[in-house]
Amino acid sequence: MTVSSRFKTILQYAIIFAVTFLLIGLSLRGLKGENKLEYLNVTWQSANKGWLLLMAVIAMLSHLVRAARWRMLMGPAGYAPSLANSFYSLMVGYLVNLVIPRGGEVSRCYNLYKLEKVPVDMSFGTVVVERIIDLLCLLTLIVISFAVESQKLFAFVETLPINLSHSTNRVQTLLYIVVPVLMAGAFVIWFVKRNERVMNFIRKTWYGFREGLLSVFRLENKAQFIFYSAAIWMLYFLMSYTVLKAFPSTAELGFGAVLSLFAIGSIAMAVPLPGGTGSYHLLVPQGLVFLYHVNSADATAFTFIFHGWQTAIMILAGAISLLLTSHRVKREALISEEQ
């Protein structure tokens, strides 16, 4: 790595962490007038720990199902890593993601290579397929969320400072959103057609997207793959539900609220920040306050504890997986030496 590229990397991560801390600072304003640490502690003490422990169990189950689905994608290439090693590698990847945004995708492939000698480039291709499938699932979830909670979401849109009159109906409100999006889309198309490098990049990306989707159809048991994909997102939804039930301020929110907040949280976690830190803390409280009228301080405290609990689970499971990986690699090395 040259000095120039090293400087760019350092600058990139400096910006990422600066944005993360800025967003956390902005989200903490929801606790204004309070002793922030004390308020967070009081909120934690009021939480139903049974629901939180159930959430941890569901989280581990979702990761196990994800590891099983990942194994399936490597089958057509002739590799069959064990479920345990796939799970360890997945959790190590989550651990790395908390420090290096999107670094977990590469690290879990490298971890699997150490355990099973599965080529990194091949396993990384399966990770791309996973991301494509997850993106489609997320988009489907957002559409369902809008269908279920359309009234609240339209009301939220109408709180934005776009100077709509009280007589504006929903069709007009939608036009205020769609027309600028279409204009921006037209500009992007015009710009891309004038820039050959960008056009080539988009063609290459589209080719990878298409090939990734087609690879799923080469699986022997497509129904099982679809079941795993649906199960992963259902378990994610149940995680959100159990945490909402754990806190007095959110326990009475219904199915639609869980769906909407889960969609908002998923979008926030997709932002390239360490573990979604910052973006999650800013967007989720806003959703609770604007859509469901939860007290701002309670919404902020809930979000910090929810995200903190998720992060603690990932750190613990990732650290254990890293230790087990190291133990297995050393054991295999000793066996090879003895032979």
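Residues numbered from 1 in each chain as written. Predicted model: local features only at pLDDT ≥ 70, side-chain atom pairs only at ≥ 80, totals over all residues. Heavy atoms only, no water.

Asker: I'd like a rundown of the overall build of the protein chain, residues and numbers included.
Answerer: Within the protein chain, the regular secondary structure consists of 13 helices and zero strands. In sequence order, the secondary structure elements of the protein chain are arranged as α-α-α-α-α-α-α-α-α-α-α-α-α. Burial statistics for the protein chain: of 339 residues in total, 42% are counted as buried. Sequence-distant contacts in the protein chain: of pairs separated by 6 or more residues, those separated by 24 or more amount to 69%. (Helix = DSSP H or I, 4+ residues; strand = E, 2+ residues; numbered from the N terminus. Buried < 20%, exposed > 50% of the residue type's maximum accessible area, 1.4 Å probe, protein only. Contact = heavy atoms within 4.5 Å.)

Asker: So what's going on with the pattern of salt bridges? Residues and values would help.
Answerer: Counted according to the given criterion, the structure contains seven salt bridges. The salt bridge partner of arginine 108 is glutamate 130, with a shortest N-O separation of 2.7 Å. Here glutamate 130 lies in helix H6 (residues 120-148) and arginine 108 lies in helix H5 (residues 103-116), a separation of 22 residues in the sequence. On the accessibility criterion, glutamate 130 (0% relative accessible area) is buried. Within this structure, Arg66, Arg69, Glu105, Arg108, Glu130, Arg131 and Asp134 form a network of salt bridges that share partners. (Salt bridge = Lys/Arg side-chain N within 4 Å of Asp/Glu carboxyl O.)

Asker: Tell me about H5, and name the residues and values.
Answerer: In a regular helix each residue adds 1.5 Å, so 14 residues correspond to 20 Å; H5 covers 20 Å between its end C-alpha atoms and thus fits that length. Among the residues trailing H5, lysine 117 stands out with phi positive, at a value near 60°. (Expected span 1.5 Å × (residues − 1).)

Asker: Summarise the packing of aromatic side chains; cite the residues concerned and give the values.
Answerer: Under the criterion given, the structure shown has seven aromatic pairs. With a centroid separation of 6.2 Å and an interplanar angle of 45°, the aromatic rings of phenylalanine 227 and tyrosine 228 are classed as tilted. A relative accessible area of 56% places phenylalanine 227 in the exposed class. The structure contains a cluster of three or more aromatic residues connected by ring pairs, namely Phe247, Phe302 and Phe306. In this structure, lysine 49 packs its charged tip against the face of tryptophan 44, placed 4.9 Å from the ring centre. Taking NZ or CZ as reference, lysine 117 lies 5.0 Å from the ring centre of tyrosine 113, over its face. (Phe/Tyr/Trp six-rings, centres within 6.5 Å; stacked < 30°, edge-to-face > 60°. Lys NZ or Arg CZ within 6 Å of the ring centre and 35° of its normal.)

Asker: Explain the side chain of threonine 250 residue by residue, including any values.
Answerer: On the secondary structure map, threonine 250 appears in the loop between helix H10 (222-246) and helix H11 (255-270). Sequence-distant contacts of threonine 250, that is, excluding residues within four places in its chain, are made with Val243, Leu244, Leu288 and Phe302.

Asker: Would you mind going over unusual backbone geometry in detail, with residue names and values included?
Answerer: Among all residues save glycine, negative phi is the norm, and among peptide bonds the norm is trans. Unusually for a residue other than glycine, lysine 117 sits at a positive phi of about 60°. Residue placement: lysine 117 occurs in the loop between H5 and H6. Residue classification places lysine 117 among the exposed residues on the basis of a relative accessible area of 54%.

Asker: Describe the nonpolar core, and please don't skip the residues or the numbers.
Answerer: Nonpolar side chains in soluble globular proteins tend to be buried together. Ranked by size, the top nonpolar core spans 57 residues in total, and within it Phe247 and Leu288 carry the most contacts. Only helix H3 (49-74), helix H4 (83-97), H6, H10, H11, helix H12 (279-292) and helix H13 (296-338) provide two or more residues apiece to this core. Tallying contributions element by element places H10 first for this core, with 12 residues. The residues touching leucine 288, leaving out its near neighbours within four places in the chain, are Thr250, Leu253, Leu261, His293, Val294, Ala299, Phe302 and Thr303. (Core = buried A, V, L, I, M, F, W, Y, C linked by side-chain atoms within 4.5 Å.)

Asker: So what's going on with empty space enclosed by the protein? Residues and values would help.
Answerer: Rolled over the atoms, a probe with the dimensions of a water molecule shows which regions are left empty. Taken as a whole and assessed by the stated rule, the structure comprises one cavity of 30 Å³ or more. Estimates place the volume of the largest cavity at around 30 Å³. Contributing to the lining of the largest cavity are Leu90, Gly93, Tyr94, Asn97, Gly104, Glu105, Arg108 and Arg131. Going through the elements one at a time, H4 and H5 are the ones with two or more residues in the lining of the largest cavity. Here the lining of the largest cavity takes four residues from H4, the largest share from any one element. The class makeup of the residues in the lining of the largest cavity is two nonpolar, three polar and three charged. (1 Å grid on protein atoms, 1.4 Å probe; cavity = no way out; pocket = protein on both sides within 12 Å on 5 of 7 lines; lining within 4 Å. Points joined across faces, edges and corners; volume = space filled by probe spheres on them. Nonpolar A, V, L, I, M, F, W, Y, C, P; charged D, E, K, R; others polar.)

Asker: Go over the environment of leucine 322 with me, naming the residues and quoting the values.
Answerer: Structurally, leucine 322 is set in helix H13. On the accessibility criterion, leucine 322 (41% relative accessible area) is partly exposed. Sequence separation between leucine 322 and serine 89 is 233 residues; the distance between their C-alpha atoms is 8.1 Å. If we ignore the near neighbours within four places in the chain, the residues touching leucine 322 are Val92 and Leu95.

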